[in-house]
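# Architecture and fold: a report
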Amino acid sequence: MRPRPLRLALAGAALLGGALAAKAADRTVLAIGAHAGDAEITTGAVLARHRRLGDRVVMLHLTLGEGGNPKLSPAAYGEQKRREALAAAQALGAEALFGPGRDGELRDTEEAARFVADVIRQVKPTHVITHWKASLHPDHEAAHRIVNAAVLLASLEGFVSAHPRHRGLRGVYYADNWEDAEGFSPYLYVDVTEDLAAWKAAVTCYEFIRGGISSFPYLEYYEALARVRGALAGRRFAVALEMEPSAKKRVLDTLP
Ligand SMILES: [Zn+2]
């Protein structure tokens, strides 16, 4: 992927009203998906929750996922996906960024990692959410590797780019995605009971989620999944996230 100026779509700050926005929470959540729609459908409820709490929320779509509609050319469906992604971001009160990657051709090249590292340096996330390592979709696996390489690069003094290194990242989390299920074990559960309506409003900006393009029942699956994860978490609705085993290590002076 060739680095190029970020197309930043700022949306929705006004939707939240002054009180929440003025709280100035200290988190910035950056969700990175291989295709426009991946971040929203899997973790949009978590993003909505953090936006509601006053945190900054940014989504980076590495590709538009423009190849997924057999009735439209990639160019035409890509334009549709871009409009849908902007509408979904606005519904979540999030910012949307687009990478220059092409659907089906995402590769974990050094160039791709450098592009994402520069996004990380500019956005300065405290939390990154992306794809789990194993997937039915090669683009998702590539996204996982690109993001992990980029997280490291963004923190290194020796990686020279137009932006200073970013060392404020507190954690990298992996999304619960039906295509990325192999070896995924829910680790962290986030209560999204109050945020499911906002999630639904955002994800239904996408035609493929409303139904009619794919035979996969996205909306039903992810709503039911949130109920299942919620049941296991003792809440009404929850979204589960996974982490690298090494990131789960805790060192304490006493039992928690
Ligand atoms: Zn995808």
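The shown structure was predicted, so the numbers you read here are calculated from the model rather than taken from an experiment.

What follows is about the coordination of the zinc ion. Binding of the zinc ion to the protein goes through H35 (ND1), D38 (OD), D38 (OD) and H140 (NE2), at separations of 2.1 to 2.5 Å. Seen from the zinc ion, its four donor atoms lie at angles of 55 to 138°, and the figure they make is irregular. In terms of primary sequence, the donors binding the zinc ion are separated according to H-x2-D-x101-H. Taken together, the residues span a long stretch of sequence, with D38 in helix α2 (residues 38–52) and H140 in helix α5 (residues 138–155) at a distance of 102 residues. In this structure, D38 and H140 share a single accessibility class: buried.

Let us look at unusual backbone geometry. Although it is not a glycine, K124 adopts a positive phi angle of roughly 55°. On the secondary structure map, K124 appears in the loop between α4 (110–123) and β4 (127–130). For K124, a relative accessible area of 48% puts it in the partly exposed group.

Here we take up the layout of surface pockets. What the largest pocket holds in volume is close to 300 Å³. What lines the largest pocket is a set of 20 residues, among which H35, G68, K81, F208 and Y218 lie closest to the centre. Breaking the lining of the largest pocket down by element, the ones donating at least two residues are α2, α3 (74–92) and α8 (218–233). Of the residues belonging to the lining of the largest pocket, the class tally is eight nonpolar, eight polar and four charged.

A general tendency of soluble globular proteins is for nonpolar side chains to be buried together. Within the largest apolar cluster, 42 residues are counted, with the highest numbers of intra-cluster contacts made by L47, M59, I129 and V192. Sorting elements by how many residues they give to this core places α2 first, with six residues. Sequence-distant contacts of I129, that is, excluding residues within four places in its chain, are made with V29, L30, A31, I32, T43, L47, Y173, A175 and L241. One finds V58, A112, V128 and V147 within the second-largest nonpolar core, a separate group that totals 29 residues.

Rules and cut-offs
Within each chain, residue numbers correspond to sequence positions counted from 1 in written order. Note on the predicted model: pLDDT of at least 70 is required for a residue's local features to be given, and 80 or more for side-chain atom pairs to be given and counted; whole-chain, interface and lining totals, by contrast, use all residues. In computing side-chain properties, one takes all heavy atoms of the structure into account and sets aside hydrogens as well as water. Coordinating N, O and S atoms are those within 2.8 Å of the metal (3.2 Å for Na, K and Ca), and as water is not part of the atoms, a site may appear to have fewer donors than expected. A site with four donors is called tetrahedral when every donor-metal-donor angle falls between 85 and 135 degrees; four donors are called square planar, and six octahedral, when opposite donors sit more than 155 degrees apart and all other angles fall between 65 and 115; any other arrangement is irregular. Put simply, DSSP H or I for four residues or longer makes a helix, DSSP E for two residues or longer makes a strand, and each gets a number counted from the N terminus. Only protein chains enter the accessibility calculation, which uses a 1.4 Å probe; a residue whose area is less than 20% of its type maximum is buried, one above 50% is exposed, and one in between is partly exposed. Grid points spaced at 1 Å and placed over the protein atoms alone form the basis of the search, with a cavity being a set where a 1.4 Å probe fits but cannot get out and a pocket an open set showing protein on both sides within 12 Å along at least five of seven lines. Lining residues have an atom within 4 Å of a point. Grid points are joined across faces, edges and corners, and a volume is the space filled by probe spheres set on the points. Lys, Arg, Asp and Glu make up the charged group, whereas Ala, Val, Leu, Ile, Met, Phe, Trp, Tyr, Cys and Pro make up the nonpolar group; the residues left over, Gly among them, are polar. Nonpolar core, defined: a set of buried Ala, Val, Leu, Ile, Met, Phe, Trp, Tyr and Cys residues in which side-chain atoms within 4.5 Å join the residues together. Contacts between residues were defined by any pair of non-hydrogen atoms, one from each residue, lying within 4.5 Å.

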